[in-house]
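A structural walkthrough
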Amino acid sequence: MLASGAVDPGLLGAAAAPSPVPARQPGPGHLFRPISADDEEQQPTEIESLCMNCYRNGMTRLLLTEIPFFREIIVSSFSCEHCGWNNTEIQSAGRIQDQGVRYTLTVRAQEDMNREVVKTDSATTRIPELDFEIPAFSQKGALTTVEGLISRAVSGLEQDQPTRRANEEAMAERIDEFIVKLKELKQVASPFTLIIDDPSGNSFVENPYAPRKDDALVITHYNRTLQQEEKLGLQAEEPEEKPEEEDLRNEVLQFNTNCPECNAPAQTNMKLVQIPHFKEVIIMATNCENCGHRTNEVKSGGAVEPLGTRITFYITDPSDMTRDLLKVTKNPFTLGDSSSPGQTEKLQEFSQKLDQILEGNMKAHFVMDDPAGNSYLQNVYAPEDDPEMKVEHYKRTFDQNEELGLNDMKTEGYETGLASQR
């Protein structure tokens, strides 16, 4: 193998040698011929091109060939007669494959060292026994053999050894020891493993028994990762990132509004609260700095329930009164000068009964009936049932649905109705 080339001379044979006569073009339909040194019609195409070392004109030779039981490839070789610089590489003549490929070869005998190998520049080469790896895109693609891959690795390590010996002698000595181990692999004194992992799917390791199975060679196809797609320059569609749902349970939102009393600019605070064993509710509070008016309101965080709810609670203990209760103590139209004596006595009697209930001296039933099904009374025994509380679900009447605005609400098949109207 040439130290600066990527194709072994034995693989190209006479096809890679420069010819003084113009290269003959292959016949129609035979652009890619099986690689063979005996095919006299398989001649490289020569193109004069610029040398990137001395910037004078050199010669590039292109050979279109086909690897048996693999696919077509393009072998290119550049040489400059002025400075002697040369460069050889291969490229796949097809597209990037749908899946990546991983070849795992167990080298047991000298015959395995002569297996043909196509290694693209996107492939990673590993020898686990030596903890050795050639990263992807660190070398040009190569058409070679297993022995040629090892020789190429040795040449790459030896290339900078003179500089290392001058600057980092200890590291140079360790690399010398490692080079010896790589060279010993060529003797196949003991089996070792060669792994070629190519996300593009265009690398290849020969199966000399094809089309029969090769027990020493394992071929694995896999789906590329997003990072591998990006390195190959593919226009892969990035998965849509789901927007993070903002958790509003621990935040108080504020928005500008007008005071319902004096119509001056005011601010409303709103917070989403999760009531255990019930549902989410929205608490809204408005405070007007102009007139001092304050309002508080609780709204259900969900939709109207399919059934109404009736909660009956039997008040037997003063601790039951920790639940919210509205108590009327003064009303100018019932307790003021304009109220009648009969109304005043009835309201005072009612107020006294409420006081007795609050003090725990009188037992009573508290009933809360909500056709929307969104009201709630705390169950101190939750998640178990409260022995003093009865929760009933019932079907709403037509009038109740009318009050909730549900009779004229159409939630199913409204698209068909709109289409017929058009």
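Bear in mind that the values here come from a model prediction, so they are computed numbers and not experimental data.

What counts and what doesn't
Residues numbered from 1 in each chain as written. Predicted model: local features only at pLDDT ≥ 70, side-chain atom pairs only at ≥ 80, totals over all residues. Heavy atoms only, no water. Pairing = 2+ DSSP bridges. Helix = DSSP H or I, 4+ residues; strand = E, 2+ residues; numbered from the N terminus. Axes fitted to C-alpha atoms, helices over the stretch in contact; angles between N-to-C directions. Salt bridge = Lys/Arg side-chain N within 4 Å of Asp/Glu carboxyl O. Buried < 20%, exposed > 50% of the residue type's maximum accessible area, 1.4 Å probe, protein only. Patch = residues over 30% accessible without salt bridge, like charges linked within 9 Å, V, L, I, M, F, W, Y side chains within 5 Å. Areas by Shrake-Rupley, 256 points an atom, 1.4 Å probe, with all protein chains shown as cover. Lys, Arg positive; Asp, Glu negative; His and termini not counted. Charge placed at Lys NZ, Arg CZ, Asp CG, Glu CD. pLDDT = per-residue confidence, 0-100. Contact = heavy atoms within 4.5 Å. Expected span 1.5 Å × (residues − 1). Arc of directions from axis to C-beta. Parallel < 35°, antiparallel > 145°, perpendicular 65-115°, else oblique. Left-handed = near helix turned anticlockwise from the far one by under 90°. Nonpolar A, V, L, I, M, F, W, Y, C, P; charged D, E, K, R; others polar. Core = buried A, V, L, I, M, F, W, Y, C linked by side-chain atoms within 4.5 Å.

**Examining the sheet that holds strand β20 (residues 389-394)**
Overall, antiparallel pairing links the 3 strands, which are arranged β19-β18-β20 in an open sheet. Strands at the two margins of the open sheet, each flanked by one partner only, are β19 (364-370) and β20. In this sheet, adjacent strand axes meet at a mean angle of 15° when their direction is disregarded. Judged from the 6 bridges that link them, strand β18 (residues 308-315) and β20 form a sheet pairing that is antiparallel. Looking at β20, one finds that threonine 312 is bridged to lysine 390.

**Considering the pattern of salt bridges**
One pass over the full model with this rule turns up 11 salt bridges. The partner of glutamate 46 in a salt bridge is arginine 61, and the shortest N-O contact between them spans 3.4 Å. Placement of the pair is glutamate 46 in strand β2 (residues 45-50) and arginine 61 in strand β3 (residues 57-66), with a sequence separation of 15 residues. A salt bridge links glutamate 392 to arginine 310; its shortest N-O distance comes to 4.0 Å. You can see glutamate 392 sitting in strand β20 and its partner arginine 310 sitting in strand β18, a full 82 residues away along the chain. Owing to a relative accessible area of 26%, glutamate 392 belongs among the partly exposed residues under this scheme. Taken together, the shared-partner salt bridges connect Arg310, Asp369, Lys390 and Glu392 into one network.

**Quick look at a negative patch on the surface**
A surface patch of like charges, here negative, comprises Asp399, Glu402, Glu403 and Asp408. Tracing the sequence through the fold places glutamate 402 in helix α8 (residues 398-403). Note on glutamate 402: relative accessible area 42%, which makes it partly exposed.

**Points about the sheet that holds strand β10 (residues 142-145)**
Strand order in the open sheet formed by 3 strands is β10-β7-β12, and the pairing between neighbours is antiparallel. Each edge of the open sheet is held by one strand with a lone partner, namely β10 and β12 (204-205). Across 2 bridges, the pairing between strand β7 (residues 116-119) and β12 is antiparallel. Within β12, the position partnered with valine 117 by the bridge is valine 205.

**Considerations on the confidence of the model for the protein chain**
Averaged over every residue, the pLDDT of the protein chain is 77; residues scoring 70 or more account for 73%. Low pLDDT, under 50, characterises residues 1-29; the predicted model gives this stretch 53 contacts beyond four residues in sequence or across chains. Every residue in residues 329-335 is under pLDDT 50, and counting partners more than four places away or in other chains gives 13 contacts.

**So, helix α4 (residues 169-185)**
Within an α-helix, residues lying three or four positions from one another point in the same direction, as the helix has 3.6 residues per turn. An ideal rise of 1.5 Å per residue puts 24 Å on 17 residues; α4 measures up with 25 Å between its terminal C-alpha atoms. Burial in α4 covers these residues: Ala172, Ile175, Phe178, Ile179, Leu182 and Leu185. Projected down its long axis, α4 shows its buried positions confined to an angular sector of 120°, all on one face. Of the exposed residues in α4, the ones pointing more than 90 degrees away from its buried face are Glu169, Arg174 and Glu177. Looking at the buried side of α4, the elements it contacts are β8 (124-127), β9 (132-134), α2 (146-159), α3 (161-167) and β11 (192-198).

**With respect to the environment of glycine 58**
Position of glycine 58 among the secondary structure elements: in strand β3. Along the primary structure glycine 58 and isoleucine 47 are separated by 11 residues, whereas in three dimensions their C-alpha atoms are 8.6 Å apart.

**Side note on the packing of α2 against α4**
Axis angle and axis distance: for two packed helices, these are the angle between their axes and the distance between the axes, and together they describe the pair. Interaxial distance between α2 and α4 falls to 10 Å at its minimum, and their mutual angle equals 165°. The angle between the axes of α2 and α4 places the two elements in the roughly antiparallel class. In this structure, α2 crosses over α4, and the sense of that crossing is left-handed. Packed against α2, whose contacting residues are Ile150, Ala153, Val154, Leu157 and Glu158, the element α4 presents Ile175, Phe178, Ile179, Leu182, Lys183 and Leu185 at the interface. Of the residues belonging to the contact of α2 with α4, the class tally is 9 nonpolar, no polar and 2 charged.

**Here we look at unusual backbone geometry**
Where the residue is not glycine, phi is negative for most of them; where a peptide bond is considered, it is trans in most cases. Looking along the chain, the bond that leaves alanine 210 and enters proline 211 is cis, with omega of 10°. By secondary structure assignment, the location of proline 211 is in the loop between β12 and β13 (217-222). The backbone of valine 188 shows a phi angle near 50°, a positive value even though the residue is not glycine. One can find valine 188 in the loop between α4 and β11.

**What to know about the environment of methionine 113**
Locating methionine 113 in the fold gives a position in the loop between β6 (100-107) and β7. Spatially, the C-alpha atoms of methionine 113 and lysine 186 are 7.2 Å apart, while their sequence positions differ by 73 residues. When residues no more than four places from it in sequence are discounted, the contact partners of methionine 113 are Val107, Thr145, Val146, Glu147, Ile150, Leu185, Lys186, Val188 and Phe192.

**Describing the nonpolar core**
Ranked by internal contacts, the top residues of the largest apolar core, which has 35 residues, are Ile127, Phe132 and Leu182. If you tally residues by element for this core, the top one is α2, at 6 residues. Contacts of leucine 182, omitting those with residues within four sequence positions, involve Ile127, Leu130, Phe132, Ile150, Ala153, Val154 and Leu157. Core analysis: the second largest hydrophobic core is formed by 7 residues, Ile311, Ile315, Ala364 and Met389 among them.

**Overview of the environment of proline 199**
Locating proline 199 in the fold gives a position in the loop between β11 and β12. Spatially, the C-alpha atoms of proline 199 and glycine 100 are 3.9 Å apart, while their sequence positions differ by 99 residues. In this structure proline 199 touches Gln99, Gly100, Ser122, Tyr222, Arg224, Gln228 and Leu232, once residues within four positions along its chain are discounted.

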